[in-house]
Amino acid sequence: MDTFAVVLNSLVYGGDALGRMPDGRAVFVPFALSGEKVRLQVVEEKRGHVRASLVELLEASPQRIAPRCPHFTLCGGCHYQHMAYAEQLKVKAAVLCEQLERIGGLHDVPCNPAVASPLPWNYRNHIQFHQTAQGSLGYQSARTNAVVPIRECHLPESALNQVWPQLVLDPIPGLERVSLRLGMDEDIMLILESSDPAPLDFSVEELSISAVHLGPGGALVLAGSQDLTIQVLDKQFQVSPASFFQVNTLQAAAMVQHLLQHLQLDSNSTLLDVYSGVGLFSAFLAPHVGRLVGIENSPSACEDYAVNLDAYDHVELYEATAEDVLTNQQFLPDVIVVDPPRAGLGQRTLDGLLAQAAKAVAYISCDPSTLARDAKRLVAAGYLLKHITPFDLFPQTYHIESISFWGK
């Protein structure tokens, strides 16, 4: 196929570098950097843009470095290993602002510098593998659903990296995902997610770790404990196999401290913690308010929340979808904290949030594009963005976590 040379001019959300084709169409290129001159080959053509692969690096950016991992560009786990870490932080802050401006229609976005991860490598307390047809563990490739077998990974915490290479699994029909999660005192849990309700015949006796089968019937303990304890700052959290928890423990602590620093709370305050999960934020905010209401739809996370917030009599929990609770209940909150999934709030949930008429909203986002969409409606409803801070929970990847504060 024909190749062509292009000078790339920016990085966009999703990890690609952006340039212009000779005919003016936008071209998106993975694993390239802004300012680089590259030779490309088209891999996909759309009406208004194309996607291309990097064939030859003609002029490299001074920010380009040698990637640490031999699997980089093959597996889909990392996107920025070829970029100096300080530059990754600048790019993420710039991309966050660009999304808020272009999609959200905001101007002069008050964006703070990105908060660096204390560990740019080996920071993940939770890793998820897929199996190849031969049973090897791997990650999905960068552009397809094919599983790339791996022999090393530099993102998991060191305790996990000592265990996963020892896992030897035959191909298991119905096995969708193999996960390892790290708790306190280097306790490790293996989580086997399967569409088959029958329990798996599996042993981890030689590894001295817990193992759980997550199937259609729920969680079945195969060995060891039924949950883990994860510590953030001075608090310990019960986390069940099916429950979400932030994968970067040190950055979770930084986010908690950021909320405590910027939320104005007192003993008369009513606070809603929407998508409260196992209670990470509730546990730290509860001592500072008169009433706290958690809203969470995951049954396992609700069970964990009840344990983790058991010490507080002024805390309530609604086990239901955020949209149902917010549209059917009126709490008269002073502050709302929302931590939605990647899809953002959605129209009905945002309708319910606006109906609560809180004076202050803290929006914890893991996707700048859906944050920008929701931001547009917050502004239309009279909220002002006071400031936003990116938190780098996922070094070496394009993913961007942020905390924004909105007020009336």
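The sections below set out a description of the structure shown in this document.

## As for the pattern of salt bridges
Counted by the stated rule, this structure contains 14 salt bridges. With its nearest N and O atoms 3.2 Å apart, the salt bridge here joins R25 to E45. Here the residue R25 occupies a position in the loop between β3 (17-20) and β4 (26-29), and E45 occupies one in strand β5 (residues 37-45), the gap between them amounting to 20 residues. Here E45 falls in the exposed class, since its relative accessible area comes to 53%. One salt bridge connects R291 with E316, and the closest N-O pair in it is separated by 2.6 Å. Residue R291 is located in strand β17 (residues 291-296), and its partner E316 is located in strand β18 (residues 315-319); the two are separated by 25 residues in the primary sequence. Where salt bridges share partners, they join D23, R25 and E45 into one cluster.

## Details of the nonpolar core
Counting residues in each nonpolar core, the largest one holds 66 residues, and the members touching the most others are L180 and L280. Top contributing element to this core by residue count: helix α3 (residues 249-262), with six residues. The residues touching L280, leaving out its near neighbours within four places in the chain, are V232, F237, F245, Q246, A252 and V256. Counting 30 residues, the second largest nonpolar core, distinct from the first, contains C97, V293, Y363 and L371.

## A closer look at the pairing of strand β16 (residues 270-274)
A large share of β16 lies buried, amounting to five of its five residues. Going residue by residue along β16, you find T270, L272 and V274 tucked away on one face and L271 and D273 tucked away on the opposite face as well. Bridge count for β16 against β17 is five bridges, and the pairing is parallel. Looking across to β17, one finds that V274 is bridged to I295. Where β16 and strand β19 (residues 335-338) come together, four bridges link them in parallel fashion. When the bridges of β19 are listed, L271 appears paired with V335.

What counts and how
- Residues numbered from 1 in each chain as written.
- Predicted model: local features only at pLDDT ≥ 70, side-chain atom pairs only at ≥ 80, totals over all residues.
- Heavy atoms only, no water.
- Salt bridge = Lys/Arg side-chain N within 4 Å of Asp/Glu carboxyl O.
- Helix = DSSP H or I, 4+ residues; strand = E, 2+ residues; numbered from the N terminus.
- Buried < 20%, exposed > 50% of the residue type's maximum accessible area, 1.4 Å probe, protein only.
- Core = buried A, V, L, I, M, F, W, Y, C linked by side-chain atoms within 4.5 Å.
- Contact = heavy atoms within 4.5 Å.
- Pairing = 2+ DSSP bridges.

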